[in-house]
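Structure at a glance
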Amino acid sequence: MVIRPPSPSLSLFALLAVFMISSAPAAERTAERYVVSRWGMEDGLPQSSVNDILQTRDGYIWFSTHGGLVRFDGTAFTTFDRNNTPGMRSDRLLGLFEASDGALWLSSEDGFMEFRDGRCTPYLIVHDGLVYSPSMVAQDARGVMWLSVNGVPYRRMGDRFERQNVRTDTALARRATDDPGGVWLMHDFDLLRTVGDTIVRVADLRGRLSSTVREGVEHPAGSGVVYMATNGDGVARYEEGRLTLYSESEGLTSRFALRVIPDRGGGLWTVCYNGIARWNGDGFAPFDEVPANGQDQITSIMKDGEGNYWIGTPNRGLFRVRPSPLWTIGSADGLKNTKMLSLTRRRDGTFLFATNCGGVYEWSGGRAVPSAVNAFLPNLCVWSVFEDSKGRFWFGAQVLYRTSSLTSPGRMFDSTDGFTGRDVFAVTEDSRGIIWIGCLNGLFRYDGERFRRYSTADGLSYNDVRTIVEDAS
């Protein structure tokens, strides 16, 4: 047995950390907590603009910025730009897409590029003398890439992208929506679907939408349900000809939606000009962990393989929102005294909290309520609380108290029982069923019949015992 006499504050922190990380039932967590980190130019980003975020299959996280392509390996940022990347036409990157062969495709302000092995290959798409980048990129089940460029669909054919004519054919549209190998493209009021080497109009949304579509995604994949970000109608949901609109009253932060983004956990996010929201099955719920207002807009969000959310902004760099294993119980949860001194997990999965002169609280169903045991305790300044393997409750204060029920009287131990401890700071039970009590004047061992005291005369480095831990040996 290892006995350590750390400071009371250190002991309390360790106890609370164990409770918060591993013990609190998930059902009792009323809201998920997050830790937010931010990276900017001072941390290695070439620019404060993060326009798109992607985690590739090898685990790297990539960012498109107005200062080049950025890779994050978990520790440091590496920038690929015109100075160090052959073939890169522009550093002002907008969108990212990972193809099935591992290539990374970059939309920029000066064309579309394939990034592979540290080099870029431009694929120029020119309209009326102007070079365009796609607003949407998709890849069908055969590995063929499709683009929506300035409202026109393109298909990759060898080493170039060729403009495609849109078919209008009801039977072909039905066949396309039934074909799981196709992809969806959309622009303005047209909802398009590919089938083989053909692209067909599935729906013309003129008259059904008052504003144009920016982009969209099928969610869940293969379901035939399409969510579209619009320039004034919020998010439009299309399913088998039915169109449903979601706006501020359904949880969006604005009716001006910029993007709809699925995550690897099955979630769906909407990025609006002033915030982000997550689909909950019936509508959207705002995600307020990163403030978004006129100065702090959001451009993109991505959930990585570890469950972290990466959020890009146009002027404040990059945020990572990490789900926190820690959460705090306070006055809003029922505690009238928040000076916590000890806690124990009961055998039924609930908890007892001991406070500094506020008595004992029971934690159950997400609330802390004063325990009935307070009516029987000799002192409400409770420094330690513990339930042993026999279901008995031990309370340490200026005296040692034990009860078999929280709703009926128990008993105190004193010198007539052989217990001479003063100010009981710790109570625990070892693997053999022995009760150990840490006091201001030493360590006490109780085998169910008698107490034995240990002090500096027996090898303790200090008589004031605040914490007791049994090690693996």
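Conventions and cut-offs
Residues numbered from 1 in each chain as written. Predicted model: local features only at pLDDT ≥ 70, side-chain atom pairs only at ≥ 80, totals over all residues. Heavy atoms only, no water. Helix = DSSP H or I, 4+ residues; strand = E, 2+ residues; numbered from the N terminus. Rg over C-alpha atoms; globule rule 2.2 N^0.38 Å. Buried < 20%, exposed > 50% of the residue type's maximum accessible area, 1.4 Å probe, protein only. Contact = heavy atoms within 4.5 Å. Areas by Shrake-Rupley, 256 points an atom, 1.4 Å probe, with all protein chains shown as cover. Polar contact = N/O pair within 3.5 Å; in protein donor to acceptor, adjacent residues only side chain to side chain. Phe/Tyr/Trp six-rings, centres within 6.5 Å; stacked < 30°, edge-to-face > 60°. Lys NZ or Arg CZ within 6 Å of the ring centre and 35° of its normal. Pairing = 2+ DSSP bridges. Axes fitted to C-alpha atoms, helices over the stretch in contact; angles between N-to-C directions. Lys, Arg positive; Asp, Glu negative; His and termini not counted. Salt bridge = Lys/Arg side-chain N within 4 Å of Asp/Glu carboxyl O. 1 Å grid on protein atoms, 1.4 Å probe; cavity = no way out; pocket = protein on both sides within 12 Å on 5 of 7 lines; lining within 4 Å. Points joined across faces, edges and corners; volume = space filled by probe spheres on them. Nonpolar A, V, L, I, M, F, W, Y, C, P; charged D, E, K, R; others polar.

Attention now moves to the overall build of the protein chain. The secondary structure content of the protein chain amounts to two helices and 44 strands. Here the C-alpha atoms of the protein chain give a radius of gyration of 31 Å, more than 25% beyond the 23 Å that 2.2 N^0.38 yields for 473 residues. Residue burial in the protein chain is summarised as follows: out of 473 residues, 50% are buried. Contacts in the protein chain between residues at least 24 apart in sequence constitute 46% of all its contacts with a sequence separation of at least 6. About 22100 Å² of surface is accessible on the protein chain, with carbon and sulfur atoms providing 46% of the total.

Another aspect to go through is the environment of E362. Considering the arrangement of structural elements, one finds E362 in strand β34 (residues 360-364). Along the chain, E362 and T350 lie 12 residues apart, while their C-alpha atoms are 7.4 Å from each other. Polar side-chain contacts of E362 include one of 2.8 Å to the side chain of S371.

This model, assessed by the stated rule, comprises 35 aromatic pairs. Where Y34 meets Y309, the ring centres are 6.3 Å apart and the plane angle is 65°; that geometry is what we call edge-to-face. With Y34 in strand β2 (residues 34-39) and Y309 in strand β30 (residues 309-312), this residue pair connects regions lying 275 residues apart in the sequence. For the residue pair Y34 and Y309, the accessibility class agrees, reading buried in each case. With a centroid separation of 5.1 Å and 65° between ring planes, the pair formed by W279 and F284 is classed as edge-to-face. When sorted by exposure, W279 lands in the same class as F284, which is buried. What links up through ring pairs into an aromatic cluster is the set W394, F413, F419, F444, Y446 and F451. Geometry around Y60 places R71 over its ring, the cationic atom sitting 4.7 Å from the centre. Sitting over the face of the ring of F425, R466 holds its NZ or CZ atom 3.8 Å from the ring centroid.

Overall, antiparallel pairing links the four strands, which are arranged β25-β26-β27-β28 in an open sheet. Edge positions in the sheet fall to β25 (257-262) and β28 (284-287), since each of these pairs with one other strand and no more. For this sheet, the mean inter-axis angle between neighbouring strands, taken without regard to orientation, is 25°. Across four bridges, strand β27 (residues 275-279) lies against β28 in antiparallel orientation. Paired with I276 across the two strands is F287, which belongs to β28.

All right, on to the side chain of E218 then. When you line up the elements, E218 lands in strand β21 (residues 213-218). One buried charged side chain, E218, makes no salt bridge at all; its nearest oppositely charged neighbour is R193, positioned 4.1 Å away. Looking at E218, its side chain comes within polar contact range of the main-chain nitrogen of G222, at 3.1 Å. Excluding residues within four positions of it along the chain, E218 makes contact with W184, R193, S223, G224, V225 and V226.

Right, let's talk about the pairing of strand β38 (residues 400-403) for a bit. Where burial is concerned, the two faces of β38 agree: the one with L400 and R402 and the one with Y401 and T403 are both buried. Taking the residues that link successive antiparallel strands as the turn, the strand β37 (residues 393-396)-β38 hairpin has three residues. Bridging between β38 and strand β39 (residues 411-413) involves three bridges; their strand directions are antiparallel. Looking at the pairing, R402 lines up with R411 of β39.

All chains considered together, the criterion is met by one cavity of 30 Å³ or more. Volume-wise, the largest cavity comes out at about 30 Å³. L377, P378, N379, V382, F395, G396, A397, V399 and Y401 are the residues that line the largest cavity. Looking at the lining of the largest cavity residue by residue, the classes come out as seven nonpolar, two polar and no charged.

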